[in-house]
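Here are the chains, one letter per residue:
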Amino acid sequence: MAAAESDDAEAPSRRRRDPNARTWARRFAVQALYQAQVNPASPTDLVAQFRADHDLSRADVEYFTEAVTTVLRRAEALDLEYAALLDRSLDELDPVERAILRLATWELKERLDVPWRVVIDQGVTLAHLYGASESHRYVNAVLDGLARRLRTAETAARRG
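Keep in mind it's a predicted model, so treat the numbers as computed, not measured. (Residues numbered from 1 in each chain as written. Predicted model: local features only at pLDDT ≥ 70, side-chain atom pairs only at ≥ 80, totals over all residues. Heavy atoms only, no water.)

Mind showing me how you'd approach the packing of helix 3 (residues 21-38) against helix 7 (residues 95-110) here?
Describing two packed helices takes the angle between their axes plus the distance from one axis to the other. Following both chains from N to C, one finds helix 3 and helix 7 inclined at 125°, their axes separated by 9 Å at the closest point. Relative to helix 7, the element helix 3 lies oblique. As helix 3 runs across helix 7, the sense of the crossing is right-handed. Contacts between helix 3 and helix 7 involve R26, A29, V30, L33, Y34 and Q37 from the first element and P95, V96, R98, A99, I100, R102, L103 and E107 from the second. (Axes fitted to C-alpha atoms, helices over the stretch in contact; angles between N-to-C directions. Helix = DSSP H or I, 4+ residues; strand = E, 2+ residues; numbered from the N terminus. Parallel < 35°, antiparallel > 145°, perpendicular 65-115°, else oblique. Left-handed = near helix turned anticlockwise from the far one by under 90°. Contact = heavy atoms within 4.5 Å.)

Here it is in structure tokens:
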């Protein structure tokens, strides 16, 4: 836990939270982003529904809320970021893969506090959990290419 968090007024509740709170937030976010494709809803309504219908106690709820809200509002722009790396059209992309790629693209572009390797690892894990049998390989390839483009300095330094 970072020192800044320990000084926070909410620090005691954060200490009790699952150490994998962001992983849980991503799992719920992918489910919500998938649901939004099947049954469109406003980001605010979708977050409220998930908070009412799911036990988010193990998740970083702030991260979940930011992810779902931002990804839904910027979905088209996020899709354009990874579209050139696909071997099919966006319309042919599996909705689960699309949800994972949108979430990971948002993290790679806007959450520079999350290392690129973590973004890829989490995307692959989510594809294993929710995707088709080989979708984890596809997600891995797309995210690797995207990380090289969006996090050029970071990926070059670590691949060195």
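I would appreciate a short explanation of the side chain of R151 in the present structure.
Here R151 shows up in the loop between helix 9 (135-150) and helix 10 (152-159). Of note is the side chain of R151, whose polar atom sits 3.0 Å from the backbone oxygen of R111. Once residues within four sequence positions are removed from consideration, R151 is found in contact with E107, L108, R111, L112, V114, P115, W116 and L146. (Polar contact = N/O pair within 3.5 Å; in protein donor to acceptor, adjacent residues only side chain to side chain.)

I tried to follow the environment of Y82 on my own but got confused; where do I start?
Position of Y82 relative to the elements: it lies in helix 6 (residues 75-83). Take Y82: its relative accessible area is 0%, and that puts it in the buried class. Spatially, the C-alpha atoms of Y82 and R102 are 8.6 Å apart, while their sequence positions differ by 20 residues. If we ignore the near neighbours within four places in the chain, the residues touching Y82 are L90, L93, R98, L101, R102, T105, V142 and L146. A polar contact of 2.6 Å, which involves the side chain of Y82, links it to the side chain of D79. (Buried < 20%, exposed > 50% of the residue type's maximum accessible area, 1.4 Å probe, protein only.)

Please clarify how the pattern of salt bridges should be interpreted in this entry.
For side chains bearing opposite charge, pairing can occur when the charged atoms are close. Scanning the entire structure with this criterion turns up 14 salt bridges. Between R111 and D113 there is a salt bridge, with its nearest N and O atoms 2.9 Å apart. Under the relative-accessibility criterion, D113 is labelled partly exposed at 47%. Connected through shared salt-bridge partners, R22, D60, E66, R111 and D113 make up one network. (Salt bridge = Lys/Arg side-chain N within 4 Å of Asp/Glu carboxyl O.)

Can you help me understand the nonpolar core in this one?
Grouped burial of nonpolar side chains is what soluble globular proteins tend to show. In this structure, F64, L101, L103 and L143 are the most contacted members of the largest nonpolar core, which totals 42 residues. Sorting the residues of this core by element identifies helix 3, helix 4 (43-53), helix 5 (61-73), helix 6, helix 7, helix 8 (116-130) and helix 9 as the ones contributing at least two each. With residues near it in sequence (within four places) discarded, L103 still touches R26, A29, V30, L33, A67, V71 and L126. (Core = buried A, V, L, I, M, F, W, Y, C linked by side-chain atoms within 4.5 Å.)

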